[in-house]
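Tertiary structure, described
Residue-level listing of the chains:
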Amino acid sequence: ENLITIPLPAPSVKKGNFNVPGTTTDSWLNTLIFMEAWAMIVEDGTWWNHEWTVKVDPDAVFFPDRLRELLLIATPDPGEKPRYVGNCDRSWHSEPATLKLFGSLEIYSRD
């Protein structure tokens, strides 16, 4: 019903290269773009009017109605800690696996 898409202009980015010292990925180096996008979202303030905010990569297949049904039971009550949906339990360097946010879909509650 109240799905809103807000396109954000973004600079072009390069891919990481493991041959360059300090590089930790061979994927897109897009952290700064996402930081800028989230700053714009927070500044705009529209997201405060919705219980959940979903970041979807442009090349992702996304079915909002399916997610909406799943999030109904996960929505925090007023005063509860905000929530996010972890989508990766990968671990590195023998550390214990913990839920992290990776990939084409990130989901955050308002409260």
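What comes next concerns the included structure. None of these values were measured; they are calculated from a predicted model.

**Some words on the environment of Phe18**
When you line up the elements, Phe18 lands in the segment before α1 (31-44). Looking at Phe18, the relative accessible area reads 53%, which means it is exposed. Excluding anything up to four places from it in sequence, Phe18 contacts Thr23, Thr24, Thr25 and Asp26.

**Overview of the environment of Arg110**
Locating Arg110 in the fold gives a position in the segment after β2 (105-109). Note: C-alpha distance between Arg110 and Pro58 (52 residues apart in sequence) is 23 Å. Not counting residues up to four positions away in its chain, the partners in contact with Arg110 are Trp47, Trp48, Asn49, His50 and Glu51. At a separation of 3.5 Å, a polar atom in the side chain of Arg110 contacts the main-chain carbonyl oxygen of His50.

**Examining the side chain of Thr53**
You can see Thr53 is positioned in strand β1 (residues 52-56). Owing to a relative accessible area of 13%, Thr53 belongs among the buried residues under this scheme.

**Examining the pattern of salt bridges**
Counted according to the given criterion, the structure contains three salt bridges. Among the ionic pairs, Glu80 bridges to Arg83, the shortest N-O distance being 3.4 Å.

**Overview of the packing of aromatic side chains**
Two descriptors summarise a pair of aromatic rings, namely the distance from one centre to the other and the angle between the planes of the rings. Scanning all chains against the criterion turns up two aromatic pairs. Centroid distance Trp38 to Tyr108: 5.2 Å. Interplanar angle 85°. Geometry classified as edge-to-face. In this pair, Trp38 sits in helix α1 while Tyr108 sits in strand β2, placing the two residues 70 residues apart along the sequence. In this structure Tyr108 comes out as partly exposed when scored by relative accessible area, which is 24%. When the ring of Trp47 is compared with that of Trp48, the centres are 4.4 Å apart and the planes differ by 35°; the resulting orientation is tilted. Owing to a relative accessible area of 19%, Trp47 belongs among the buried residues under this scheme. Trp48 gets classed as partly exposed once you look at its relative accessible area, which sits at 47%.

Criteria and thresholds
- Residues numbered from 1 in each chain as written.
- Predicted model: local features only at pLDDT ≥ 70, side-chain atom pairs only at ≥ 80, totals over all residues.
- Heavy atoms only, no water.
- Helix = DSSP H or I, 4+ residues; strand = E, 2+ residues; numbered from the N terminus.
- Buried < 20%, exposed > 50% of the residue type's maximum accessible area, 1.4 Å probe, protein only.
- Contact = heavy atoms within 4.5 Å.
- Polar contact = N/O pair within 3.5 Å; in protein donor to acceptor, adjacent residues only side chain to side chain.
- Salt bridge = Lys/Arg side-chain N within 4 Å of Asp/Glu carboxyl O.
- Phe/Tyr/Trp six-rings, centres within 6.5 Å; stacked < 30°, edge-to-face > 60°.

Note that every value here comes from positions in space, so none of it alone points to a role or purpose.
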